[in-house]
Amino acid sequence: YLVLGILYESFIHPFTILSGLPSAGFSALATLWLFGMELDLYGFVGIIMLLGIVKKNAIMMLDFALEAQKLNPALDPLDAITQGCHVRFRPIMMTTMAALMAAIPIALCYGAGAESRQPLGLAVVGGLLFSQSLTLYVTPVFYLYMEDLQQWLRSRDKRPLPHD
């Protein structure tokens, strides 16, 4: 949170980026539970990889929207995040598919000693399948709510103080 807050010079937008992480963690744990796997060290590594991918996707959308608003201050937040989603959809899907295709052989347990690494693959594959589709909808909506909150806080700071 602190690094994202420093990067975006905001206390609000790190929450937008982190909004998709609970669904990713839950879906990875649900996938492990569904396949009867224990949460071991490899499972933790898979969840950390998954959280990094989901966070990167949210950063890609948010970064584009904030940059568009910085270049054009009259741009509405809805238009900015819509442009961000349209322009960044293909790169997001490409990196997601690359991670998914790399984790499928691990999840299917191919190779020597693959049984021990199977929780890593299942956590990444299951987490990406569920959370990616949800994150593509949740992050823009959360961005709009956080922008409204930020505008409300700014307008509240600028109103005159009551006199005694």
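Preceding this paragraph is the structure being described.
Keep in mind that this is a model prediction, so the values were computed, not measured.

(A) Main features of the overall build of the protein. Each helix and strand in the protein was counted, giving six helices and zero strands. Reading the protein from its N end, one meets helices and strands in the order α-α-α-α-α-α. Here the C-alpha radius of gyration of the protein, 19 Å, is well above what a compact globule of 164 residues would show, namely 15 Å. With the C-alpha coordinates of the protein rotated into their principal frame, the extents come out at 75 × 35 × 25 Å. Residue burial in the protein is summarised as follows: out of 164 residues, 41% are buried. Long-range pairs, those at least 24 residues apart, make up 75% of the contacts in the protein between residues at least 6 apart in sequence.

(B) Looking closely at helix 3 (residues 21–34). An ideal rise of 1.5 Å per residue puts 20 Å on 14 residues; helix 3 measures up with 20 Å between its terminal C-alpha atoms. Residues of helix 3 that are buried include every one of Leu21, Ser23, Ala24, Gly25, Ser27, Ala28, Thr31 and Leu32, and no others. Positioned one or two residues after helix 3, glycine 36 has a phi angle of 70 degrees, which is positive.

(C) Expanded view of the packing of aromatic side chains. One pass over the full model with this rule turns up one aromatic pair. Between tyrosine 1 and phenylalanine 15 the ring centres are 5.0 Å apart and the planes differ by 40 degrees, which places this aromatic pair in the tilted class. Taken together, the residues span a long stretch of sequence, with tyrosine 1 in the segment before helix 1 (2–8) and phenylalanine 15 in helix 2 (residues 13–18) at a distance of 14 residues. Tyrosine 1 gets classed as partly exposed once you look at its relative accessible area, which sits at 39%.

(D) Inspection of the nonpolar core at higher detail. By size, the foremost hydrophobic cluster in this structure holds 17 residues, and its most contacted members are Ala28, Leu50, Val54, Ala123, Val125 and Leu128. Ranked by the residues each element gives to this core, the list is headed by helix 6 (residues 114–158), at five residues. Contacts of leucine 50, omitting those with residues within four sequence positions, involve Ala24, Ala28, Ala123, Val124, Gly127, Leu128 and Ser131. If you look at the next biggest cluster of nonpolar residues, it comprises 16 residues, including Ile17, Ala58, Ala65 and Leu66.

(E) Broad picture of the packing of helix 4 (residues 41–71) against helix 5 (residues 77–107). Viewed as axis vectors pointing N to C, helix 4 and helix 5 meet at an angle of 150 degrees, and their least axial separation amounts to 8 Å. Considering their axes alone, helix 4 and helix 5 lie roughly antiparallel with respect to each other. As helix 4 runs across helix 5, the sense of the crossing is right-handed. Residues belonging to the contact of helix 4 with helix 5 are distributed by class as follows: 14 nonpolar, six polar and two charged.

(F) Main features of the environment of proline 14. Relative to the helices and strands, proline 14 is located in helix 2. Sequence-distant contacts of proline 14, that is, excluding residues within four places in its chain, are made with Tyr1, Leu4 and Gly5.

(G) Representation of the environment of phenylalanine 142 within the structure. Mapped onto the elements, phenylalanine 142 comes out in helix 6. The exposure class of phenylalanine 142 is partly exposed, given its relative accessible area of 29%. As for phenylalanine 142 and glycine 20, which are separated by 122 residues in sequence, their C-alpha atoms are 9.4 Å apart.

(H) Looking closely at the side chain of glutamine 132. Mapped onto the elements, glutamine 132 comes out in helix 6. Among the polar contacts made by the side chain of glutamine 132, one reaches the side chain of asparagine 57 at a distance of 2.8 Å. Residues in contact with glutamine 132, not counting those within four places in the same chain, are Asn57, Ile92, Thr96 and Gly127.

Conventions we followed
- Residues numbered from 1 in each chain as written.
- Predicted model: local features only at pLDDT ≥ 70, side-chain atom pairs only at ≥ 80, totals over all residues.
- Heavy atoms only, no water.
- Helix = DSSP H or I, 4+ residues; strand = E, 2+ residues; numbered from the N terminus.
- Rg over C-alpha atoms; globule rule 2.2 N^0.38 Å.
- Buried < 20%, exposed > 50% of the residue type's maximum accessible area, 1.4 Å probe, protein only.
- Contact = heavy atoms within 4.5 Å.
- Expected span 1.5 Å × (residues − 1).
- Phe/Tyr/Trp six-rings, centres within 6.5 Å; stacked < 30°, edge-to-face > 60°.
- Core = buried A, V, L, I, M, F, W, Y, C linked by side-chain atoms within 4.5 Å.
- Axes fitted to C-alpha atoms, helices over the stretch in contact; angles between N-to-C directions.
- Parallel < 35°, antiparallel > 145°, perpendicular 65-115°, else oblique.
- Left-handed = near helix turned anticlockwise from the far one by under 90°.
- Nonpolar A, V, L, I, M, F, W, Y, C, P; charged D, E, K, R; others polar.
- Polar contact = N/O pair within 3.5 Å; in protein donor to acceptor, adjacent residues only side chain to side chain.

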